[in-house]
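# Tertiary structure, described
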Amino acid sequence: MTEQSAEPQPQPRIPTIDLRPWLTGGPETRAEIARTVDEALQTAGFLLVTGHGVDPSLRARIRAAAREFFTLQASVKEPYSAKVGGRGWLGPGAEANGYSEGTETPPDLKESLTFATHEPFEDPEINAEWYAPNVWPAEVPELQKLCEEYLARMGELENQLLALLGEALGLEPDYFTRHMSHPTYGFNINWYPGTEVVGEPEPGQFRIGPHTDFGTVTILDRQAGKGGLQVFTDEGGWEDAPYDPEAFTINIGDLMARWTGDRWRSGRHRVLPPPADAPAEELMSLVYFGECTPGTLVESVPAPVGRVAYEPVDSHTYLRAQLDSITVG
């Protein structure tokens, strides 16, 4: 009896980039990596990145502390309740990400702890819009120090990635990083519990509905699961995202796509609902949303690099409109 090999499953065109040779390699090595990045971001808008030096135990400790909070009674979590774009707890039903692309979906099946820019700005108007003290749950006092350490590493990694992206476009390495003197950012810890917590999914309901992110780059630390991340490509439609426990999943957002004149695509993605054959599956993601300094004028890179010349836009006027679009209620 001959053993038949299974048909290979199509994979999104999402390469793995090792940052170590990018940071220390010679011109030929760096040029090859830049070409790979450029090609990937033209198709799926996603990369996997290894060699980042972020301690995996730090990520595990954040998950453990956050889970302590998420599994508390709703009445204990309620004082930390926040609106989308704010700081604190986003409870069940707070977001429906599909609305950002015009799809009316039931609310996303998740809870989040959300934090953001930790240093105030000199301009009181910018402070009023984009700064407020982060709200750290008193019930899990260790979470603050862990997250602050993690966010410092995310800021460093974001700048490394943005320098790589500048060179991948054939531009100077500070083309994007020069706009990062005092950036805003968002950080979500997303908890995706099983059906015993969220109930049976409604038709068209996801852990996170189909959408693109809004800013420059998103740095995602995810867990593998049947009800996990899917990405959309023109070639393959919706496909499971590749997973490497050592890697961060990187995608660019709408602002970066606009900045590149649509040379690169904002990575469209979704997170599947709890699977019928594993209804108790529980996942948690750490999601860092990179942005830039408020007041940055985003102008499309001209042809031949850019493909569409968008009207210049204030970065944070654009971001606020996008955040408002996904708020439920």
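Preceding this paragraph is the structure being described.
Residues numbered from 1 in each chain as written. Predicted model: local features only at pLDDT ≥ 70, side-chain atom pairs only at ≥ 80, totals over all residues. Heavy atoms only, no water.

## Here's the deal with the overall build of the protein
A tally of helices and strands in the protein yields 10 helices and 14 strands. For 329 residues, the compact-globule estimate of 2.2 N^0.38 gives 20 Å, and the protein sits close to it at 20 Å. With the principal axes as the frame, the protein shows a C-alpha extent of 75 × 55 × 40 Å. Burial status across the protein gives 53% buried among its 329 residues. The contacts of the protein with a sequence gap of at least 6 include a subset with a gap of at least 24, amounting to 77%. (Helix = DSSP H or I, 4+ residues; strand = E, 2+ residues; numbered from the N terminus. Rg over C-alpha atoms; globule rule 2.2 N^0.38 Å. Buried < 20%, exposed > 50% of the residue type's maximum accessible area, 1.4 Å probe, protein only. Contact = heavy atoms within 4.5 Å.)

## Looking at the sheet that holds strand E8 (residues 229-233)
In space, the 4 strands of this open sheet follow the order E6-E11-E8-E9, with antiparallel pairing throughout. Unpaired on one side and paired on the other, strand E6 (208-211) and strand E9 (237-240) mark the two borders of the sheet. Pairs of neighbouring strands in the sheet enclose a mean axial angle of 20°, with direction left out of account. (Pairing = 2+ DSSP bridges. Axes fitted to C-alpha atoms, helices over the stretch in contact; angles between N-to-C directions.)

## Remarks on the side chain of glutamine 230
Within the secondary structure layout, glutamine 230 lies in strand E8. A polar side-chain atom of glutamine 230 sits 3.0 Å from a polar atom in the side chain of aspartate 240. Among all residues touching glutamine 230, those that are not within four sequence positions of it are Trp238, Glu239, Asp240, Ala241, Arg268, His269, Arg270 and Leu272. (Polar contact = N/O pair within 3.5 Å; in protein donor to acceptor, adjacent residues only side chain to side chain.)

## Notes on the pattern of salt bridges
Within this structure, the stated rule accounts for 13 salt bridges. A salt bridge links aspartate 221 to arginine 63; the shortest N-O distance between them is 2.7 Å. Of the two residues, aspartate 221 sits in strand E7 (residues 217-221) while arginine 63 sits in helix H3 (residues 56-70), which places them 158 residues apart along the sequence. Residue aspartate 221 is classed as buried on the basis of its relative accessible area of 3%. The exposure class assigned to arginine 63 is buried, which follows from its relative accessible area of 11%. Lysine 226 is paired through a salt bridge with aspartate 277; the nearest N and O atoms lie 2.8 Å apart. Residue lysine 226 is located in the loop between E7 and E8, and its partner aspartate 277 is located in the loop between strand E11 (269-271) and strand E12 (283-290); the two are separated by 51 residues in the primary sequence. In this structure lysine 226 comes out as exposed when scored by relative accessible area, which is 52%. (Salt bridge = Lys/Arg side-chain N within 4 Å of Asp/Glu carboxyl O.)

## Details of the sheet that holds strand E5 (residues 185-192)
Overall, mixed pairing links the 8 strands, which are arranged E1-E2-E10-E7-E12-E5-E4-E3 in an open sheet. Strand pairing shows two members of the sheet lacking a second neighbour, strand E1 (16-18) and strand E3 (88-90), which therefore form its edges. Neighbour-to-neighbour, the strand axes of this sheet turn through a mean angle of 25°, independent of strand direction. The pairing of E7 with E12 spans 4 bridges and is classified as antiparallel. Bridge assignment links leucine 220 to a residue of E12, and that residue is valine 287. Packing against the sheet, H3 makes contact with E3, strand E4 (111-116), E5, E7, strand E10 (248-252) and E12, and its axis sits at approximately 110° to E12. Across the face of the sheet, helix H6 (residues 142-168) comes into contact with strand E2 (46-50), E4, E5, E7, E10 and E12 while running at roughly 130° to E7.

## Concerning the packing of H3 against H6
Contact geometry of H3 with H6 gives a least axis separation of 9 Å together with a crossing angle of 145°. Between H3 and H6 lies a crossing of left-handed hand. When H3 is examined against H6, the residues Leu58, Arg59, Arg61, Ile62, Ala65, Ala66 and Glu68 are found in contact with a partner set consisting of Glu142, Leu143, Leu146, Cys147, Glu149 and Tyr150. Per-class residue counts for the contact of H3 with H6 are 8 nonpolar, no polar and 5 charged. (Left-handed = near helix turned anticlockwise from the far one by under 90°. Nonpolar A, V, L, I, M, F, W, Y, C, P; charged D, E, K, R; others polar.)

## Quick notes on the nonpolar core
Membership of the largest hydrophobic core comes to 61 residues, with the highest contact counts inside it found for Leu165 and Ile189. At 12 residues, the largest contribution of residues to this core is made by H6. Leaving out residues up to four positions away in the same chain, isoleucine 189 has contacts with Ile62, Ala66, Phe70, Glu111, Ser112, Leu113, Phe115, Leu143, Cys147, Met284, Ser285 and Leu286. Within the second largest apolar cluster, 14 residues are counted, among which are Tyr192, Leu220, Leu229 and Val231. (Core = buried A, V, L, I, M, F, W, Y, C linked by side-chain atoms within 4.5 Å.)

## A word on the environment of leucine 19
Within the secondary structure, leucine 19 sits in helix H1 (residues 19-24). You can call leucine 19 buried: its relative accessible area is 0%. With 40 residues separating them along the chain, leucine 19 and arginine 59 place their C-alpha atoms 19 Å apart. Ignoring any residue separated from it by four or fewer positions in sequence, one finds leucine 19 in contact with Val49, Thr50, Gly51, His52, Leu157, Gln160, Leu161 and Leu164.

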